[in-house]
Amino acid sequence: MAFSNMTGLLINSTWVVSNLTAVFSGLDPSNFTTPGNPTVSSSDSTLPSASLTWAPSYSTSTAGFTSGAPSASTVAPSYTSGAQSTTLAPSLFSTAPNISTTSSGYFTDNVSESTMRSLAELNFRFDALTLNIDQFYQIVFSIMILLLTMGFAFIEAGSVRAKNTQNIILKNYLDGFVAGISYWAIGWAFAYGYGNGFIGWFDFASSYVPNEKMSNYFYQLMFASTSCTIVSGALAERCEFVAYLIYSFVLTAFVYPLCSRWGWSQYGFLHIGHDFDIDGKIMHVKYEDFGGSGVVHLVGGTTAFVGAWLLGPRIGRFHKETGAVIPIRGHSVPLAGIGAFVLVFGFMAFNAASQGHITEPGDGAAISMAAFNTAISSSMGAFTSMFAHR
């Protein structure tokens, strides 16, 4: 599926390049003047302005552009006729061609009607391609973020006793499945639906979410699932199955969505910020979280701490009489090691996807820096752990 999607993007890109070549090859360089809007003059000074109107019809479908072109207001330059003058900025040119018409009102020189139609269709296709690339970027990276669940399952299964392996793997599976239902039904509306700075109350069960936003919807679902699965390791070997299901639902339906709304939603009070008077200067202070260090990891870590504190130590962790610590070894170091490798891969995608789009200027540099910082951080973490336990 990913290969077929990428093939589609390459075909669209080839179409854009071929149309650019066709358009520019049909334009005489002598027709271009200094930057600004061109002037179209009529050979008949008494010609009414209506005769210069060029607005061919067009139609679209779910498959995209089908025929014709948008109206002249989309691509036509400025023109003058009689006592009226209308300015329409070209969308693709900083230096626009001169255009002349006859009394019949049709293009006869320099730029043909078919060329203008091609420009309009090209503009439409380019906007659609940009949107598709951003959506493809979010979907692919979100699928890679899903690997975090597998990484947590492996590392936790290898770190517990063999008798609890099946239980801990099942809990990690259910983190994603429970989040899929709870975040879809309730969580998204609380996080990003219309509302106030504290909570949203619109778009329950994706009722009014447009198709163009479903890639971001899926991306946010993966983040909610990650915040939930962070807790599973802290509660390993000490939490009953039913209680874990209830916790997973509450966290992904209420707790995480509210925190993500405050920090990430356009309505969130922390995201909007507030103006403060500091030493006579008005300073705008707001919360910034690029990769979810607070919204995702702090929420998951705090939940894990509270859960471990409420449940207490694992049975057999301390000697009943002396209170001495009894080491509890994991049953599979290779399994835990594989989980650690998968987690590093998943967190690379987790942070690189946080830019949210890839077609704006500077996106490539920001995504590259996020991936680089993740690699350096994981390397320093590995060395720190190795020296601390040598």
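Residues numbered from 1 in each chain as written. Predicted model: local features only at pLDDT ≥ 70, side-chain atom pairs only at ≥ 80, totals over all residues. Heavy atoms only, no water.

## Examining the overall build of the protein
Along the backbone of the protein there are 11 helices and 9 strands. Residue pairs in contact within the protein that sit at least 24 positions apart in sequence constitute 70% of those at least 6 positions apart. Carbon together with sulfur atoms contributes 65% to the accessible area of the protein, which is approximately 21,400 Å² in total. (Helix = DSSP H or I, 4+ residues; strand = E, 2+ residues; numbered from the N terminus. Contact = heavy atoms within 4.5 Å. Areas by Shrake-Rupley, 256 points an atom, 1.4 Å probe, with all protein chains shown as cover.)

## Digging into the layout of surface pockets
In this approach the atoms are scanned with a rolling probe the size of a water molecule, which exposes any empty space left behind. One number sums up the size of the largest pocket: a volume of about 780 Å³. Lining the largest pocket we find 33 residues, and of these Gln138, Tyr192, Asn216, Gln220 and Trp264 sit closest to its centre. Those elements giving two or more residues to the lining of the largest pocket turn out to be helix H3 (113–145), helix H5 (165–192), helix H6 (214–234) and helix H7 (241–264). Top contributing element to the lining of the largest pocket by residue count: H6, with 5 residues. (1 Å grid on protein atoms, 1.4 Å probe; cavity = no way out; pocket = protein on both sides within 12 Å on 5 of 7 lines; lining within 4 Å. Points joined across faces, edges and corners; volume = space filled by probe spheres on them.)

## Details of helix H10 (residues 333–352)
In a regular helix each residue adds 1.5 Å, so 20 residues correspond to 28 Å; H10 covers 29 Å between its end C-alpha atoms and thus fits that length. Capping of H10 at its N-terminal end is provided by Ser332; its side-chain oxygen lies 3.2 Å from the backbone amide nitrogen of Leu335. (Expected span 1.5 Å × (residues − 1). Polar contact = N/O pair within 3.5 Å; in protein donor to acceptor, adjacent residues only side chain to side chain.)

## Notes on the packing of H10 against helix H11 (residues 363–388)
Between H10 and H11, the shortest axis-to-axis distance is 8 Å and the interhelical angle comes to 145°. For the element pair H10 and H11, the recorded crossing hand is right-handed. Counting all contacts with H10, which are made through Val344, Phe347, Met348, Asn351 and Ala352, the residues of H11 involved are Ile367, Ala370, Ala371, Thr374, Ala375 and Ser378. For the contact of H10 with H11, the residue count by class is 8 nonpolar, 3 polar and no charged. (Axes fitted to C-alpha atoms, helices over the stretch in contact; angles between N-to-C directions. Left-handed = near helix turned anticlockwise from the far one by under 90°. Nonpolar A, V, L, I, M, F, W, Y, C, P; charged D, E, K, R; others polar.)

## Overview of the pattern of salt bridges
A complete count under the given rule lists 4 salt bridges for this structure. Note that Arg117 and Glu113 form a salt bridge whose closest N and O atoms lie 3.3 Å from each other. With a gap of 4 residues between them, Arg117 and Glu113 both fall in helix H3, about one helical turn apart. For the salt bridge of Glu237 with Arg314, the shortest nitrogen-to-oxygen distance reads 2.5 Å. One end of the pair, Glu237, is in the loop between H6 and H7; the other, Arg314, is in the loop between helix H9 (293–311) and H10, with 77 residues separating them in the sequence. Per residue, the accessibility class of Glu237 equals that of Arg314, and both read buried. Connected through salt bridges with shared partners, the residues Arg161, Glu237 and Arg314 form a single ionic network. (Salt bridge = Lys/Arg side-chain N within 4 Å of Asp/Glu carboxyl O. Buried < 20%, exposed > 50% of the residue type's maximum accessible area, 1.4 Å probe, protein only.)

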